[in-house]
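# Close look at the chain arrangement
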Amino acid sequence: MLKMTAARLGSAVPVLLLISVVAFTLLRLAPGDPALLSVGMEAPPEALAKARADMRLDDPMWVQYFSWLADMVRGDLGTSYSDKAPVTDAIGDRLPITVQLAVMALLFIGIVGIPLGVISALRANKLTDQLIRIASLGGISVPNFVVALFLVLIFGWWFPGIMPYQGFTPIGEDVVESLRSTLLPAVALAAPQVGLVARLTRSSMLEVLSQDYVSAARAMGVRERVIIWKDTLRNALLPVITVLGVQTGFLLGGSVVVETVFGIPGLGRLLVESFAIRDYPVTIGVMMFIAVVFVFVNIVVDLLYGVINPRIRVGYASGKE
Amino acid sequence: MTTTATTEKFSVHRADEVSLLRRLAARKISMVSLIGVGVYLAIALVGPFLAPFDPAALGDDPLAAPSGTHWMGTDSAGRDVFSRFLYGSRVSILVGFLAVVFALVLGSLLGMLAGMKSGKLRDSAIMRLMDVILAFPLLVLVPVITGILGQRDLAVGPLVIGPVVLIAMAIGVVLVPVFARIARASVLAEMREDYVTAVRSFGGRSRDILLRNLLPNIAAPLVVQAAFGLAMAVSVEAAVSFLGLGVQPPGASWGTLLADARQYVTLGAWWLVVFPSIAVAVFVLVFNLLGDQLRDELDPRAKTTTRKRKTSREGASK
C-alpha cells in the first residue's frame, strides 16, 4: 500500500511539471500586456518601461520560467502585480470560502444523489424509478449557472428576504449567516451532479444486485435489508466514489460562474479577476494550485478504492476485470 | 478466414448506417430527441429570417415584459429579445457543431495514433498532453486559446476565420482529450483483432490501416460521444460568453443573452433569463438523450441494463 502510494505520487511530478510549462507558455502567448494594463494607456513610455522591468517581463521567457519554478518549489508563488501581496496569501484568503462551498455542495450531492439512485434501483422500472430517472436526466442537462440564475430570480425577486442571494458572510463573523450565504450557491453547484450521481448509483446497484453472491445470500435467507445495505451498496458505491472524487477536484477549483452569479469571492473569482488584468503570478498560481488539487484528489480516489474494496489492493491479476 | 471476417465487419457496419435513422425513429424517446434536434437545426438555419426586428436596433421601451409585439420582451437597451434570441441561437448552435467537428477529427486522429503504438513514446507523449489539457480550468483555457489564435488574421483560402470560429476552435481543443481517450481505447481493442493482423501481414501501410480498417470499426463510440460532446460544447460556450470571455457584445448567443440578463434578474426581468436558459437546458437534454439512444443502437457493449450487459460480455469473450 505504501509502495503504491509512493509510486502514484512520483508519477504526478512530471505531469505537474508539464502543466506548469504549458500554463506559463500559454499565458505569455495570450494577448494583453500586464505592464500596460497596470500603468494605463496614457502613461509615459518611461513608466511603462519601469513597470515592465519591475515585473521582470524583459527577461527571456525561459529565465522567467525557471526563476518562477525555483521559487515555487520553495513554496513561494511570487507577488501579485496589482496589490503587491504574496500570491500564497491571496490563495489562502480565498481558499476557505471555496472549501466551504465545495463541502456543502458535496454533502448535497451525496445525501440527495446516492439515496435517489438506491431507491431508483430497488424500484427498477416502476413509476418511482421512471420519475427519478427523468428528474436526474433533467438535472444533468441544466448547466449550474442557469440553476444559479433561477435561484437568484426566485429568492431575489419572487420571494425576497428568505435566503441571502448575493455576497458572502465570512464564517468567523457569523457561522449561521455564513452557511446561509453559501447555501444557494452550493445548491446550484450540486444540482447537475445530483442527477449524475443518482444515475450512476442506480446502474451500479443494478449491476451488483444481479451478481451471483447476492442470489446466494438471498437463497441462504439473509434479510433483504442486510443484503442491500451491507453487501450491495458497499460494492456499488465504488464507481460513485470515483465520480465524487473527480467532482471534488472540480469543486475545489472553484466554480467561476456560480461564484460570479452569487458574488462569492472564491478561488474561481480570483482566477478570472487576475486573468482579466493579466496578473500573471496570481493566475498561474491559482492554476497550479487547482492542477495540484486535481491530480492529488485523483490519487487519493485511486487509493481509497483499495480501502473500500480489498480485492483491488491485491491487484487486477486475480480478478476478471 | 481472417479476410472474410474483415468483409463481414464492413458489411455489418454499412447495414447499421442505412437503417440507423429508421431504428432510432422506432423508439419513443429517440423520436422525441430527433424532433428536438430538428427544431434546433431549423432555428439555426432559418431563425434569423423570421426575426421580427433588427437584433441590434435600440428601442424606446427598455425592459418591457413579453407582449404581442415583443414575444420575449425587450432588454435594457430596448432591443427585441426574440430577435436577439433567434440570431443568438444560430451562433450558439454553430459554435457547438464546429467545436465538436474540430474535437472529433483531431481527437480521433490523435487517439488512434496513440493507440496504434501503445506503450511507445508517441503514445505516452500524446496522452500526457491530453492529461495536461484536462487538468486546466476550462473557463481560463478557452479564452486564452481564443486570444492566442486570434492574434493574427487566420484564413483558410478566401475564408477569413471570424471570432465565432475561433471560440469554437478553442472549445474544440478542450474537448479533444475526451475523443482521444475513446479512440485510443477502441483502437487498443481492435489491434488485437485478427483482421488487423491480417492486413498487416499483407504489408498494409499504417495510414491505410488507420483510415480504412480501424476508423470504420471504432466509429460507433466516437459518434455516440459526439452527441454528448455537442451538449457539452454548447453549455461551455454559454458559460464562457456569460463571463464575458466568449462571444463579444453586441453579438448575441445564449451565453451573452444570459450575461445581459444577470444585472436585471433582481429587478424581476424574468423573460431575459427564462428563454435563453430553456434553450440551453433543452439543447443539452436533447443531445444527452440522443447520445444515450445512439449508444444503445451503435455500441451494444456499453448498454446500460444488466441483462443486456451480460449477453454482450459473453459475446466479447468469444
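None of these values were measured; they are calculated from a predicted model.

This part is about unusual backbone geometry. Non-glycine residue Arg278(A) carries a positive phi angle of around 50°. Among the structural elements, Arg278(A) can be located in the loop between helix H12 (267-276) and helix H13 (280-308).

The next point concerns the pattern of salt bridges. Taken as a whole and assessed by the stated rule, the structure comprises 13 salt bridges over all chains. Close ionic contact of Glu177(A) with Arg180(A) constitutes a salt bridge, the shortest N to O distance being 3.4 Å. On the criterion of helical spacing, the pair formed by Glu177(A) and Arg180(A) is a turn pair, its members being three residues apart in helix H8 (residues 175-209). Note that Arg184(B) and Asp123(B) form a salt bridge whose closest N and O atoms lie 2.7 Å from each other. With a gap of 61 residues between them, Arg184(B) in helix H6 (residues 163-191) and Asp123(B) in helix H4 (residues 121-135) connect regions that are remote in the sequence. The class of Arg184(B) is partly exposed, set by a relative accessible area of 22%. According to the relative accessible area criterion, Asp123(B) is buried, its value standing at 4%. One salt-bridge network, in which partners are shared between bridges, spans Arg94(A), Arg269(A) and Glu273(A).

The next point concerns the packing of aromatic side chains. All names here are of chain A. For the coordinates displayed, the defined rule picks out 12 aromatic pairs over all chains. Each ring, one from Tyr81 and one from Tyr280, has its centre 6.4 Å from the other, and the planes form 65°; the classification is edge-to-face. Taken together, the residues span a long stretch of sequence, with Tyr81 in the loop between helix H4 (61-73) and helix H5 (87-122) and Tyr280 in helix H13 at a distance of 199 residues. Taking the ring centre of Phe275 as reference, the NZ or CZ of Arg278 above it sits at 4.4 Å.

What counts, and at which threshold
Residues numbered from 1 in each chain as written. Chains lettered and ligands numbered in written order. Predicted model: local features only at pLDDT ≥ 70, side-chain atom pairs only at ≥ 80, totals over all residues. Heavy atoms only, no water. Helix = DSSP H or I, 4+ residues; strand = E, 2+ residues; numbered from the N terminus. Salt bridge = Lys/Arg side-chain N within 4 Å of Asp/Glu carboxyl O. Buried < 20%, exposed > 50% of the residue type's maximum accessible area, 1.4 Å probe, protein only. Phe/Tyr/Trp six-rings, centres within 6.5 Å; stacked < 30°, edge-to-face > 60°. Lys NZ or Arg CZ within 6 Å of the ring centre and 35° of its normal.

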